[in-house]
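Coordinates in review
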Amino acid sequence: MPARIMGLTTRLITVPLLRSWGAEAPENHVIVTELTTDDGGTGHGFSWTPTIGPQAVKALLDYDIAPFILGLEANPEIVWDQLWKRLHEAGGGGLTTIAMAGVDLALWDVKARQAGASVTGLLGQRQESVEVYGSGVNLHYTLDQLVEQARRWVAAGHNAVKIKVGKPELREDAERVAAVRQVIGPDRLLMIDANQRWDLAHTFRALEVLGEYGLEWLEEPIRADDLWAYRRLRKQSPVPIALGENVHTIYRFRDFIEAEAVDIIQPNIVRVGGITPFRRIVELARSNSIRVAPHLLPELSGQLALTLAEAVSVEDVEDASFEQLGILDGPSPVRIRNSRLTSSGRPGLGFEFSGQPAPLPAPDSSVPDSKGNRIEYSNS
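Rules behind the numbers
- Residues numbered from 1 in each chain as written.
- Predicted model: local features only at pLDDT ≥ 70, side-chain atom pairs only at ≥ 80, totals over all residues.
- Heavy atoms only, no water.
- Helix = DSSP H or I, 4+ residues; strand = E, 2+ residues; numbered from the N terminus.
- Rg over C-alpha atoms; globule rule 2.2 N^0.38 Å.
- Buried < 20%, exposed > 50% of the residue type's maximum accessible area, 1.4 Å probe, protein only.
- Areas by Shrake-Rupley, 256 points an atom, 1.4 Å probe, with all protein chains shown as cover.
- Lys, Arg positive; Asp, Glu negative; His and termini not counted.
- Charge placed at Lys NZ, Arg CZ, Asp CG, Glu CD.
- Polar contact = N/O pair within 3.5 Å; in protein donor to acceptor, adjacent residues only side chain to side chain.
- 1 Å grid on protein atoms, 1.4 Å probe; cavity = no way out; pocket = protein on both sides within 12 Å on 5 of 7 lines; lining within 4 Å.
- Points joined across faces, edges and corners; volume = space filled by probe spheres on them.
- Nonpolar A, V, L, I, M, F, W, Y, C, P; charged D, E, K, R; others polar.
- Axes fitted to C-alpha atoms, helices over the stretch in contact; angles between N-to-C directions.
- Parallel < 35°, antiparallel > 145°, perpendicular 65-115°, else oblique.
- Contact = heavy atoms within 4.5 Å.
- Salt bridge = Lys/Arg side-chain N within 4 Å of Asp/Glu carboxyl O.
- Pairing = 2+ DSSP bridges.

Quick look at the overall build of the protein now. When helices and strands are tallied, the protein shows 11 helices and 14 strands. Taking 2.2 N^0.38 as the reference for a compact globule, 380 residues should give roughly 21 Å; the C-alpha atoms of the protein span a radius of gyration of 20 Å, in line with that estimate. Projected onto its principal axes, the C-alpha coordinates of the protein cover approximately 60 × 45 × 35 Å. A burial count over the protein gives 57% of its 380 residues as buried. For the protein, the exposed surface amounts to about 15,700 Å²; the carbon and sulfur share of it is 48%. Here the protein contributes 38 positively and 49 negatively charged side chains, and the mean placements of these two sets differ by 2 Å.

And the structure:
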């Protein structure tokens with residue numbers, strides 16, 4: 001008799017960032033989930049959003065998802081498909097899939113714990129380690145602060161780095177890209193991310209200027225849902241085009257791939273709805289010879305990257321991991337040394353969130369930091 005879901009509870013942790021991502025994103029929100037099964041199993045998962053809708057995600061979990069999944073077989077693939085059909089009326093992706101991740105991750109955690117394996121081991125580890133690239137949400141940094149960050153990445157041993165672009169003047173973007181290229185040298189990979197700040201015409205102008213700095217990819221320069229514009233862009237761009245952090249379903253990834261509008265897809269495991277849809281999206285990309293670069297969340301993305309048939313790079317935003325933010329009950333399930341990530345092999349997802357977040361270490365005073373205290377909400 002297969003195990004059935006017996007209950008789901010949630011709580012919301014809001015944590016200030018050590019290095020603020022700017023006035024619009026000084027903190028991150030984690031909606032922690034705990035799922036129980038009728039055979040005594042317990043799984044821990046989470047949903048995540050850096051800015052919009054943490055209370056909405058929690059409400060979906062508490063009032064719509066939790067009652068619906070009671071009694072369902074505790075199989076992540078089965079539950080995901082049934083839940084997506086149930087929630088589709090409220091939107092096929094976005095807040096709905098972010099909420100679904102909290103259930104999917106908890107179910108995979110249960111499954112791996114009961115097998116006495118890590119999620120990496122349960123799914124089958126194919127890579128001994130994976131490359132990590134240094135990343136920063138740094139458009140608001142001064143040029144000097146950006147240069148210092150690039151020097152820290154070099155000192156940490158990163159072979160690839162990514163910076164933000166999208167200043168009001170293209171001249172300023174060029175100055176910043178040139179300065180980082182000078183710091184990291186000619187042999188390290190350099191990626192740039194415009195975070196949807198440009199239109200198509202400006203993107204072409206930017207490529208003429210910035211393309212000379214040997215870019216590995218240009219990320220999300222245009223609104224993420226503008227398939228028509230990305231199709232035109234990729235046909236003419238001398239730089240590979242990356243996108244996907246704001247694409248939420250396998251159907252939309254399929255649209256971009258079939259339109260030949262993207263070179264590298266960047267699914268965020270939480271935003272697409274968890275491990276179940278992430279694996280399907282990766283196989284779609286693989287069958288179409290499209291590169292994958294998971295977006296953020298190295299404690300989770302890193303473990304999944306180790307299971308993939310093709311080697312991928314994992315993004316590590318400076319001082320923004322869950323361990324660095326002090327919200328884990330114990331050490332991180334992944335280790336990053338000399339730009340390589342490995343797994344600790346602990347059972348399940350390998351981490352749980354602390355009930356009382358640890359005090360934050362002092363941030364680097366050279367970088368604008370966020371203000372405020374952690375706030376924790378509960379549905380109890």
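For the rest of this paragraph, the subject is the side chain of Thr33. Its place among the elements puts Thr33 in strand E2 (residues 27-37). On the accessibility criterion, Thr33 (1% relative accessible area) is buried. Looking at Thr33, its side chain comes within polar contact range of the main-chain nitrogen of Phe46, at 3.5 Å.

As a further point, take empty space enclosed by the protein. For the coordinates displayed, the defined rule picks out 2 cavities of 30 Å³ or more. Put simply, the largest cavity is a space of about 100 Å³. Every residue lining the largest cavity is listed: Trp21, Asn28, Trp48, Leu296, Leu297, Pro298, Glu299, Asp316, Val317, Ala320, Ser321 and Phe322. Breaking the lining of the largest cavity down by element, the ones donating at least two residues are helix H11 (298-305) and strand E11 (313-317). Residues belonging to the lining of the largest cavity are distributed by class as follows: 8 nonpolar, 2 polar and 2 charged. Quantified by volume, the second largest cavity comes out at close to 30 Å³.

The next subject is the packing of helix H2 (residues 76-87) against helix H10 (residues 275-287). Running from N to C, H2 and H10 point in directions that differ by 90 degrees, and their axes come no closer than 9 Å. Our classification of the angle between H2 and H10 gives roughly perpendicular. Contact residues: Pro76, Glu77, Trp80 and Asp81 in H2; Thr276, Pro277, Arg279 and Arg280 in H10. Classifying every residue of the contact of H2 with H10 gives 3 nonpolar, 1 polar and 4 charged.

Our next topic: the pattern of salt bridges. According to the stated counting rule, one finds 21 salt bridges in the structure shown. Note that Asp62 is salt-bridged to Lys58, the shortest N-O span being 2.9 Å. In this pair, Asp62 and Lys58 are both assigned in helix H1 (residues 54-69), 4 residues apart and thus about one turn of the helix distant. Under the relative-accessibility criterion, Lys58 is labelled buried at 9%. When salt bridges that share partners are traced, they join Arg19, Arg152, Glu318 and Asp319 into one network.

All right, on to the pairing of strand E13 (residues 340-343) then. What you see with E13 is a clean split: Leu341 and Ser343 sit on the buried side and Arg340 and Thr342 on the side with no burial. Both strand E4 (residues 130-135) and E13 contribute to a ladder of 2 bridges, which runs antiparallel. Considered in E13, the bridge of Glu131 is made with Arg340. In terms of strand pairing, strand E12 (residues 334-337) meets E13 through 4 bridges, oriented antiparallel. In the sheet register, Val334 faces E13, and the bridge partner there is Ser343. Connecting E12 to the next strand, E13, in antiparallel fashion are 2 residues, including Asn338 with a positive phi near 50 degrees.

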